[in-house]
Amino acid sequence: MARAVETAPPGATTDPSPHPAPSLAAGHLFRPISAEDEEQQPTEIESLCMNCYNNGITRLLLTKIPFFREIIVSSFSCEHCGWSNTEIQSAGRIQDQGVRYTLTVRAQEDMNREVVKTDSATTRIPELDFEIPAFSQKGALTTVEGLINRAIFGLEQDQPTRRANKDATAERIDEFIVKLKELKQVATPFTLIIDDPAGNSFVENPHAPQKDDALVITYYNRTLLQEGMLGLQAEAPAEKPQEGDLRNEVLQFNTNCPECNAPAQTNMKLVQIPHFKEVIIMATNCENYGHRTNEVKSGGAVEPLGTRITLHITDPSDMTRDLLKSETCSVEIPELEFELGMAVLGGKFTTLEGLLKDVRELVTKNPFTLGDSSNPGQTEKLQEFSQKLDQIIEGNVKAHFIMDDPAGNSYLQNVYAPEDDPEMKVERYKRTFDQNEELGLNDMKTEGYEAGLAPQR
């Protein structure tokens, strides 16, 4: 019958570090593990109990597992409080390669196989989707059944507290513990995987030195992450920044609320618009005042040509088109004799419906147009404008929507892309002197400016 050393709850510690008995010669420190070897006696050391802080006894056994390697078995017991702890440590170095043991447990005899599981080993049972991560338990010299008992003990530890707090996970953990206990009956075969990057774990082959059909041993080269986990590499080499990394993360920085000047946080994200270019979306949310703002900036430079986009709105589905309106873009709806100038509403990344609703809100909530100071004729015209705009948004009236951006940084989604959209016309044009003046391009000197700065240095 295979031997098993029962393990104590994870997190217990022993003290001190192992020292061989002085009477043993150096060549006989590690004897093959055997119950019949009377000379193989553990070394006893008085040490501190970490539970009651009285002195207990630590027993150290330096032994060698056949067809494996040397290990140190330590066992601590306290006669004052009854607390005990057992663990193993590898007496050798970290191996050149990691090792993975895959055991198919088919019979009750397999439950008695000896297992050495070090701190760095990960234990998995794929059939239950169960895993014990590395460094979550101390090393143990046990059996397959002992590993399962240890897992059950760890799960049952906090169950009384979970039930007292009416935690919803308590019932699910109870159900999982039942499944683990059923594994010990070996009613159906299951797989046990022990993966140790240090290469110091072991699963017994009862047929050694012959091959074990139920056991597959795989040696592999460690990854950089595993090297760092084992302390073999001081720090991982800095990864080269990859293009497009900023597209997958939201940058945050501190700012002040424009309304109440209280500390707030601004989120910024770089977004790639298909068939267009990159834009920067910025959003600020003030928890103190409740003020929210969002703004869109072009991620590129001013284009060589201006852009004029004309969309014929013929269907309600046109309202769902994505739309990027830069700060330099003006908007026109000829059927309503309406024009929205540059910088009004700022930069926006929204849908066509969202922009038209912003236009309606801009008109209806302006106190100088619909407030007490407005004249009846003007109020009637603006109410009529608002009603017609609602009809366009609902798709009951056809209209033309025009975006004119001299900087060429605005965009309206082409739902037929990469084919041409029959209802949308995109024109590129050369900017006038006045448009360049408005964009500040006439006074921008991009060539020969270093010569002009030389006398001032």
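Residues numbered from 1 in each chain as written. Predicted model: local features only at pLDDT ≥ 70, side-chain atom pairs only at ≥ 80, totals over all residues. Heavy atoms only, no water.

Colleague: Please explain the overall build of the protein as it appears in this structure.
Modeller: Counting secondary structure elements, the protein contains nine helices and 25 strands. In the protein, buried positions account for 36% of the 457 residues. Considering only contacts within the protein whose residues lie at least 6 apart along the sequence, 63% involve residues at least 24 apart. Taken as a whole, the protein presents about 27300 Å² of accessible surface, with 49% of it coming from carbon and sulfur. (Helix = DSSP H or I, 4+ residues; strand = E, 2+ residues; numbered from the N terminus. Buried < 20%, exposed > 50% of the residue type's maximum accessible area, 1.4 Å probe, protein only. Contact = heavy atoms within 4.5 Å. Areas by Shrake-Rupley, 256 points an atom, 1.4 Å probe, with all protein chains shown as cover.)

Colleague: Help me out: how do you make sense of the pattern of salt bridges in this one?
Modeller: Pairs can form between side chains of opposite charge once their charged atoms are near each other. Scanning the model with the defined rule gives 15 salt bridges in all. Of the charged contacts in the structure, one is a salt bridge between Arg-59 and Glu-44, with a shortest N-O distance of 3.3 Å. Placement of the pair is Arg-59 in strand S3 (residues 55-64) and Glu-44 in strand S2 (residues 43-48), with a sequence separation of 15 residues. (Salt bridge = Lys/Arg side-chain N within 4 Å of Asp/Glu carboxyl O.)

Colleague: How do you make sense of the pairing of strand S11 (residues 190-196) when you look at a structure like this?
Modeller: Residues in a regular strand point their side chains to alternate faces of the sheet. The element S11 is largely enclosed, with a buried count of seven among its seven residues. By the alternation rule, side chains of S11 split into Phe-190, Leu-192, Ile-194 and Asp-196 and Thr-191, Ile-193 and Asp-195, which are all buried. Pairing of strand S8 (residues 122-125) with S11, which is carried by three bridges, proceeds in the antiparallel orientation. Of the residues in S11, the one forming a bridge with Arg-124 is Ile-193. (Pairing = 2+ DSSP bridges.)

Colleague: I keep staring at the environment of His-80 and nothing clicks. Help me out?
Modeller: Looking at where His-80 falls in the secondary structure, it is placed in the loop between strand S4 (70-77) and strand S5 (84-90). Taking the C-alpha atoms as reference, His-80 lies 7.7 Å from Cys-52; in sequence the two are 28 residues apart.

Colleague: Mind showing me how you'd approach empty space enclosed by the protein here?
Modeller: The rolling of a water-molecule-sized probe over the atoms marks out the regions of remaining empty space. A complete count under the given rule lists one cavity of 30 Å³ or more for this structure. There is about 40 Å³ of room inside the largest cavity. As for the largest cavity, its lining consists of Thr-123, Ile-125, Phe-130, Ile-132, Leu-147, Ile-148, Ala-151 and Leu-192. Among the secondary structure elements, those contributing two or more residues to the lining of the largest cavity are S8, strand S9 (130-132) and helix H1 (144-156). Considering each element in turn, the lining of the largest cavity owes the most residues, three residues, to H1. Looking at the lining of the largest cavity, its residues break down into seven nonpolar, one polar and no charged. (1 Å grid on protein atoms, 1.4 Å probe; cavity = no way out; pocket = protein on both sides within 12 Å on 5 of 7 lines; lining within 4 Å. Points joined across faces, edges and corners; volume = space filled by probe spheres on them. Nonpolar A, V, L, I, M, F, W, Y, C, P; charged D, E, K, R; others polar.)

Colleague: Teacher, can you tell me more about the packing of aromatic side chains here?
Modeller: Each aromatic ring pair is described using two quantities: the centre-to-centre distance and the angle formed by the ring planes. Within this structure, the stated rule accounts for four aromatic pairs. Aromatic side chains Tyr-101 and Phe-202 sit 6.5 Å apart centroid to centroid with 80° between the ring planes, which places their arrangement in the edge-to-face category. Of the two residues, Tyr-101 sits in strand S6 (residues 98-105) while Phe-202 sits in strand S12 (residues 202-203), which places them 101 residues apart along the sequence. Centroid distance Phe-130 to Phe-176: 5.3 Å. Interplanar angle 40°. Geometry classified as tilted. One end of the pair, Phe-130, is in strand S9; the other, Phe-176, is in helix H3 (residues 169-183), with 46 residues separating them in the sequence. Given a relative accessible area of 14%, Phe-130 falls into the buried group. (Phe/Tyr/Trp six-rings, centres within 6.5 Å; stacked < 30°, edge-to-face > 60°.)

Colleague: How should I be thinking about the sheet that holds S11 in this particular structure?
Modeller: What links the strands of a sheet is backbone hydrogen bonding, and the strands pair in either a parallel or an antiparallel sense. The strand order across the open sheet formed by five strands is S9-S8-S11-S6-S13, and the pairing between neighbours is antiparallel. With one partner strand each, in any of the chains shown, S9 and strand S13 (215-220) form the two edges of the open sheet. Averaged over neighbouring strand pairs, the angle between their axes works out to 15° when direction is ignored. (Axes fitted to C-alpha atoms, helices over the stretch in contact; angles between N-to-C directions.)

Colleague: Mind showing me how you'd approach a nonpolar patch on the surface here?
Modeller: Judged by side-chain polarity, Leu-48, Met-50 and Tyr-53 come together as a nonpolar surface patch covering roughly 310 Å² of accessible area. Its location among the elements puts Tyr-53 in the loop between S2 and S3. When its relative accessible area of 56% is taken as the criterion, Tyr-53 is described as exposed. (Patch = residues over 30% accessible without salt bridge, like charges linked within 9 Å, V, L, I, M, F, W, Y side chains within 5 Å.)

Colleague: Teacher, can you tell me more about the side chain of Gln-435 here?
Modeller: Examined against the element boundaries, Gln-435 turns out to sit in helix H8 (residues 433-439). Within the structure, the side chain of Gln-435 is placed 3.0 Å from the backbone nitrogen of Thr-432, a separation counted as a polar contact. The contact partners of Gln-435, leaving out residues within four places of it in the chain, are Pro-406 and Tyr-429. (Polar contact = N/O pair within 3.5 Å; in protein donor to acceptor, adjacent residues only side chain to side chain.)

Colleague: Looking at this structure, I do not really get H3. What am I missing?
Modeller: Since one α-helical turn is 3.6 residues long, residues separated by three or four positions face the same way. For H3, built from 15 residues, the straight-helix expectation of 21 Å at 1.5 Å per residue is met to within 8% by its first-to-last C-alpha distance of 21 Å. The complete set of buried residues in H3 reads Ala-170, Ile-173, Phe-176, Ile-177, Leu-180 and Leu-183. Around the axis of H3, the buried residues are gathered within 120° of arc, so they sit on the same side. Looking at H3, the residues exposed on the side facing more than 90 degrees away from the buried face are Glu-171 and Arg-172. Looking at the packing, one finds that the buried side of H3 touches S8, S9, H1, helix H2 (159-164) and S11. (Expected span 1.5 Å × (residues − 1). Arc of directions from axis to C-beta.)

Colleague: Help me out: how do you make sense of helix H5 (residues 352-364) in this one?
Modeller: Helix length check: H5, at 13 residues, gives a terminal C-alpha distance of 18 Å against a target of 18 Å (1.5 Å per residue), a fit within 8%. Every buried residue belonging to H5 is among Leu-352, Gly-354, Leu-355, Leu-356, Val-359 and Val-363, and all of these are buried.

Colleague: Help me understand the sheet that holds strand S22 (residues 348-351), please; the structure alone is not making it clear to me.
Modeller: Strand order in the open sheet formed by three strands is S22-S19-S24, and the pairing between neighbours is antiparallel. Each edge of the open sheet carries a strand with a single partner, namely S22 and strand S24 (411-412). Examined bridge by bridge, strand S19 (residues 322-325) and S22 share four bridges and lie antiparallel to one another. Note on S22: the bridge partner recorded for Leu-324 is Phe-349.

Colleague: What exactly am I supposed to notice about the nonpolar core here?
Modeller: Nonpolar side chains tend to gather and get buried jointly when the protein is soluble and globular. Ranked by internal contacts, the top residues of the largest apolar core, which has 34 residues, are Ile-125 and Leu-180. Where this core is concerned, the elements lending two or more residues are S4, S6, strand S7 (114-117), S9, H1, H3, S11 and S12. If sequence neighbours within four positions are ignored, Leu-180 has contacts with Ile-125, Leu-128, Ile-148, Ala-151, Ile-152 and Leu-155. Formed by 26 residues, the second largest nonpolar core is a distinct cluster that contains Leu-340, Val-363, Leu-389 and Ile-392. (Core = buried A, V, L, I, M, F, W, Y, C linked by side-chain atoms within 4.5 Å.)

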